[in-house]
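Architecture at a glance
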Amino acid sequence: SQQGEEDPQALSIQEGENATMNCSYKTSINNLQWYRQNSGRGLVHLILIRSNEREKHSGRLRVTLDTSKKSSSLLITASRAADTASYFCATDSGGGADGLTFGKGTHLIIQP
Amino acid sequence: DAGITQSPRHKVTETGTPVTLRCHQTENHRYMYWYRQDPGHGLRLIHYSYGVKDTDKGEVSDGYSVSRSKTEDFLLTLESATSSQTSVYFCAISLTGGNTEAFFGQGTRLTVV
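Below you will find a few notes about this structure.

Rules of the game
- Residues numbered from 1 in each chain as written.
- Chains lettered and ligands numbered in written order.
- Predicted model: local features only at pLDDT ≥ 70, side-chain atom pairs only at ≥ 80, totals over all residues.
- Heavy atoms only, no water.
- Helix = DSSP H or I, 4+ residues; strand = E, 2+ residues; numbered from the N terminus.
- Buried < 20%, exposed > 50% of the residue type's maximum accessible area, 1.4 Å probe, protein only.
- Contact = heavy atoms within 4.5 Å.
- Areas by Shrake-Rupley, 256 points an atom, 1.4 Å probe, with all protein chains shown as cover.
- Pairing = 2+ DSSP bridges.
- Axes fitted to C-alpha atoms, helices over the stretch in contact; angles between N-to-C directions.
- Disulfide = S-S within 2.5 Å.

With respect to the overall build of chain A
Each helix and strand in chain A was counted, giving 0 helices and 11 strands. Listed by position from the N terminus, the elements making up chain A come as β-β-β-β-β-β-β-β-β-β-β. Expressed as lengths along the three principal axes of its C-alpha atoms, the size of chain A is roughly 40 × 30 × 20 Å. Across the 112 residues in chain A, those meeting the buried criterion constitute 46%. In chain A, of all internal contacts separated by at least 6 residues, the share reaching a separation of at least 24 is 56%. As presented, chain A carries roughly 5,100 Å² of accessible surface, and 44% of it is formed by carbon and sulfur atoms.

Structure, rendered in structure tokens:
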């Protein structure tokens with residue numbers, strides 16, 4: 001079953017604006033990860049935030065995690081055309097081997 | 001890109017035929033995964049492996065089998081392909097499992113006609 005659910009399903013903004021995507025999940029987690037997928041390509045890892053962390057930064061990316069609300073957000077600041085992609089959150093509940101559970105993704109379009 | 005190669009990249013096959021997809025890694029990562037990606041479903045886990053000859057089922061394993069005889073190779077077999085198995089298949093690897101980042105292959109687009 002789907003663990004994470006991204007919101008919105010699609011987002012279109014102007015280049016230079018900030019983009020915010022949200023992810024909600026159902027069960028307790030060990031960590032939450034965000035991935036990007038360009039059209040026709042594999043997924044690329046962006047950032048991992050552990051359950052005992054509340055916020056994490058990586059370049060223009062900022063991720064927050066609220067375990068009490070079972071939600072996370074991904075903020076991309078000063079968006080660029082190259083940020084056009086689908087973004088997925090993924091959770092690890094099993095603590096080890098059994099992989100990640102992905103949401104359905106947010107499709108982000110950056111208008112030049 | 002991490003050293004992950006999927007083959008073939010594209011395949012069209014007929015209903016009822018067996019199909020094997022291959023994932024090859026050069027990273028010596030212990031964990032390997034097969035996912036399928038379908039519109040409206042995101043990625044769903046088919047099978048995973050936590051070592052040579054150690055495999056287990058994922059969320060959508062019916063109709064699929066896997067084998068891992070070497071660290072670097074993880075094979076996904078569709079025993080008798082059905083149209084519902086038309087999808088894009090992704091292999092992923094991870095050093096220590098779900099608590100670290102996963103690296104994905106470029107995907108295999110499979111069409112069952």
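Some thoughts on the sheet that holds strand β7 (residues 61–66) of chain A
Residue and element names in this part refer to chain A. Read across the sheet, 5 strands follow the order β1-β3-β8-β7-β6 without closing on themselves; strand pairing throughout is antiparallel. Among the strands making up the open sheet, the edge pair consists of β1 (5–7) and β6 (55–58). Across this sheet, the average inter-strand angle for adjacent strands is 20°, counted without regard to direction. Here 3 bridges tie β1 to strand β3 (residues 19–24), and the two strands are oriented antiparallel to one another.

Examining the sheet that holds strand β3 (residues 19–25) of chain B
All names here are of chain B. What the 4 strands build is an open sheet, ordered β1-β3-β8-β7; its pairing is antiparallel. Each having just a single partner strand, β1 (4–7) and β7 (64–70) make up the two edges of the open sheet. Sheet twist, expressed as the mean angle between neighbouring strand axes with direction ignored, is 15°. Alignment of β3 against strand β8 (residues 73–78), held across 6 bridges, turns out to be antiparallel. In the sheet register, R22 faces β8, and the bridge partner there is L75.

Considerations on the state of the cysteines
This structure, assessed with the given rule, holds 2 disulfides over all chains. Each disulfide pairs two cysteine sulfurs, and for A:C23 the partner residue is A:C89, the sulfurs being separated by 2.0 Å. The S-S bond linking A:C23 to A:C89 shows a torsion near 65°; that makes this disulfide right-handed. On the criterion of sequence distance, the pair formed by A:C23 in strand β3 and A:C89 in strand β9 (residues 85–92) is long-range, its members being 66 residues apart. Each member of the pair, A:C23 as well as A:C89, carries the same accessibility label: buried. Paired by a disulfide, B:C23 and B:C91 hold their sulfur atoms 1.9 Å apart. On the S-S bond that ties B:C23 to B:C91, the torsion sits near -70°, and the link is left-handed.

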